[in-house]
Amino acid sequence: MFKALLVEKDADGKTSAQVAEVSEDQLPEGDVTVAVEYSTVNYKDGLCIGPGGGLVRNYPHVPGIDFAGTVETSDDARYKPGDKVVLTGWRVGENRWGGYAQKARVKADMLVPLPEGLTTHQAMAVGTAGLTAMLAVMALEDQGITDGPVLVTGAAGGVGSVATAILANLGHQVAAVTGRPEQEDYLKSLGASQIVARDEYAETSRKPLEAEVWGGCVDAVAGVMLGRVLKQMQYGSSVAAIGLAGGAAIDGALITPFILRGVNLLGIDSVMQPFENRQRAWARIARDLPMAKLDAMVQPATLAELPQLGRDILKGQVKGRVVVDVNA
Ligand code: NDP
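What counts, and where the lines are drawn
- Residues numbered from 1 in each chain as written.
- Predicted model: local features only at pLDDT ≥ 70, side-chain atom pairs only at ≥ 80, totals over all residues.
- Heavy atoms only, no water.
- Near = heavy atom within 4 Å.
- Polar contact = N/O pair within 3.5 Å; in protein donor to acceptor, adjacent residues only side chain to side chain.
- Areas by Shrake-Rupley, 256 points an atom, 1.4 Å probe, with all protein chains shown as cover.
- Nonpolar A, V, L, I, M, F, W, Y, C, P; charged D, E, K, R; others polar.
- Salt bridge = Lys/Arg side-chain N within 4 Å of Asp/Glu carboxyl O.
- Helix = DSSP H or I, 4+ residues; strand = E, 2+ residues; numbered from the N terminus.
- Buried < 20%, exposed > 50% of the residue type's maximum accessible area, 1.4 Å probe, protein only.
- Expected span 1.5 Å × (residues − 1).
- Phe/Tyr/Trp six-rings, centres within 6.5 Å; stacked < 30°, edge-to-face > 60°.
- Lys NZ or Arg CZ within 6 Å of the ring centre and 35° of its normal.
- Domains from an automatic or database assignment.
- Buried area = accessible area lost by both parts, 1.4 Å probe.
- Patch = residues over 30% accessible without salt bridge, like charges linked within 9 Å, V, L, I, M, F, W, Y side chains within 5 Å.

## Topic: the site of the ligand
For step 1, the next point in the chain: Surrounding the ligand, one finds 25 residues, the nearest of these being Thr 178, Gly 179, Arg 180, Ile 268 and Ser 270.
For step 2, the next point in the chain: At 3.0 Å from an oxygen atom of the ligand is found a main-chain nitrogen or oxygen belonging to Ala 156.
For step 3, the next point in the chain: Contact distances for the ligand include 3.4 Å between an oxygen atom and a backbone N or O atom of Gly 157.
For step 4, the next point in the chain: For the ligand, whose accessible area on its own is 910 Å², the fraction buried by protein is 87%.
For step 5, the next point in the chain: Among the residues making up the shell around the ligand, the classes are represented as 12 nonpolar, 10 polar and 3 charged.

## Observations regarding the pattern of salt bridges
For step 1, the next point in the chain: Using the criterion set out here, one finds 15 salt bridges in the structure.
For step 2, the next point in the chain: Between Asp 109 and Arg 78 there is a salt bridge, with its nearest N and O atoms 2.8 Å apart. Of the two residues, Asp 109 is situated in the loop between strand 6 (103–106) and strand 7 (111–113) and Arg 78 in the loop between strand 4 (66–74) and strand 5 (84–88); the sequence distance between them amounts to 31 residues.
For step 3, the next point in the chain: Glu 184 serves as the salt-bridge partner of Lys 188, at 3.0 Å between the closest nitrogen and oxygen. Note that Lys 188 and Glu 184 are positioned in helix 4 (residues 184–190) at a spacing of 4 residues, about one turn of the helix.
For step 4, the next point in the chain: Judged by relative accessible area, which is 32%, Glu 184 ranks as partly exposed.
For step 5, the next point in the chain: Among the charged side chains, a salt-bridge network with shared partners connects Glu 24, Glu 72, Lys 103 and Arg 105.

## Focus on helix 3 (residues 158–169)
For step 1, the next point in the chain: With 12 residues, helix 3 should reach 16 Å at 1.5 Å per residue; the first-to-last C-alpha distance of 17 Å fits that figure.
For step 2, the next point in the chain: Summarising burial for helix 3: 11 of the 12 residues are buried, a large majority.
For step 3, the next point in the chain: Listed in full, the buried residues belonging to helix 3 are Gly 158, Val 159, Gly 160, Ser 161, Val 162, Ala 163, Thr 164, Ala 165, Ile 166, Leu 167 and Ala 168.
For step 4, the next point in the chain: Gly 171 lies just past helix 3 and shows a positive phi near 95°.

## What about the packing of aromatic side chains?
For step 1, the next point in the chain: According to the stated counting rule, one finds 0 aromatic pairs in the structure shown.
For step 2, the next point in the chain: A cation over a ring is seen here: Lys 319 above Tyr 186, with NZ or CZ 4.5 Å from the ring centre.

## Overview of the domain arrangement of the chain
For step 1, the next point in the chain: Taken domain by domain, the chain holds domain 1 (2–114 + 291–325) and domain 2 (128–267).
For step 2, the next point in the chain: Of note, the centres of domain 1 and domain 2, computed from C-alpha atoms alone, are 29 Å apart.
For step 3, the next point in the chain: Of the roughly 1200 Å² buried between domain 1 and domain 2, counting both surfaces, carbon and sulfur atoms make up 58%.
For step 4, the next point in the chain: The largest per-residue losses of area from domain 1 upon contact with domain 2 belong to Lys 293, Met 297 and Lys 319, which jointly make up 44% of the total buried on that side.
For step 5, the next point in the chain: Counting across the domain 1 and domain 2 interface gives 0 salt bridges.
For step 6, the next point in the chain: For the pair domain 1 and domain 2, the number of links is 4 residue pairs in polar contact (both at pLDDT 80 or more).
For step 7, the next point in the chain: Across the side of domain 1 that touches domain 2, the residue classes break down as 4 nonpolar, 5 polar and 4 charged.

## Section: the side chain of Thr 40
For step 1, the next point in the chain: Mapped onto the fold, Thr 40 is located in strand 3 (residues 32–40).
For step 2, the next point in the chain: There is a polar contact of 2.9 Å between the side chain of Thr 40 and the side chain of Asp 66.

## Structural notes on unusual backbone geometry
For step 1, the next point in the chain: Put simply, Tyr 59 and Pro 60 share a cis peptide bond, and its omega is -5°.
For step 2, the next point in the chain: In this structure, Arg 91 takes a positive phi of about 65° despite not being glycine.
For step 3, the next point in the chain: Tracing the sequence through the fold places Arg 91 in the loop between strand 5 and strand 6.
For step 4, the next point in the chain: Unlike most non-glycine residues, Ala 222 shows phi in positive territory, near 60°.
For step 5, the next point in the chain: Tracing the chain through its elements places Ala 222 in the loop between strand 11 (216–219) and helix 5 (223–231).

## Quick notes on a nonpolar patch on the surface
For step 1, the next point in the chain: Where nonpolar side chains cluster on the molecular surface, the patch consists of Ile 255, Ile 259 and Leu 260 and spans about 330 Å² of accessible area.
For step 2, the next point in the chain: Checked against the element boundaries, Ile 255 lands in the loop between strand 12 (238–241) and helix 6 (256–261).
For step 3, the next point in the chain: Taking the relative accessible area as the measure of exposure, Ile 255 reaches 55% and is therefore exposed.

Structure below.
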């Protein structure tokens, strides 16, 4: 038996989450069993701890879309007991049991060996949000970041915090958009050179284009904000769109930035990234993300604290990254 955060659904369709003892034979099919050490709290976890947001197929359910730990048993030649591993994506924690448990069973293809130079705690301080931030930066680099500052939206959140730290460390001027002015010192400590109030992007603009400002953008928000940002991108620059914290549409967007300024809109999906991309991104994280800055982003949590944290992240109230010690 081991501890897990179990989400159950009653006959009226109402969900509830509590820490429970579960047995190993309840784990899903898979060829590697991992003794989980750490998991994290991401926006999707907030949905899966609550009513599911259409992501969870079967109850009872164990959320947790990422984890790091040690291989306990393996039927796959790539992994042996004692190996340290990281998992992000593959809908783990959504349509199969995830990392909010002391044990997890997955397919070997879903794992990545713990990158050289990272501890399991650091790997989860990065987690899905940090991997996504790195994939976004790599996508911008592939297209070329132009001379202007790089804008990061939803900057005080998980993806935004890591993107800010990576971009600043790579030598870019970073402008961080936040709705939380009290996080200005935090964002500057991560390397942001300019803080932009979320309110500046509250209104849709009817103009086809605005003054060219940004040399690149990592966008976690979409909605009205992305509609405006696209019109302010420099000629030939790119936006890496990773999330929809502010809405599922791009409000007020026009074709003009794409045609008249050659702007690229790059969609980033961390869930189904092939092994090579995930491994390349993890290696870049180990190289390009200063660990002292990563420490400043992290708050610790236990399994029992997850129901509240799930509600907080859906309201955009979590700062940086929450690392869950599943054995605490
Ligand atoms: P967080 O909740 O940690 O961060 C989101 C941030 O967006 C908030 O902290 C807040 O930042 C800002 N925000 C929240 N609500 C609004 C709003 N209504 N209008 C404008 N800004 C808002 O989430 P994550 O960083 O973990 O994830 C961000 C998004 O990216 C989510 O939609 C998530 O589902 C998605 N995602 C996508 C991935 C992919 O593979 N593409 C992987 C991981 C996440 P501030 O207070 O600074 O304004």
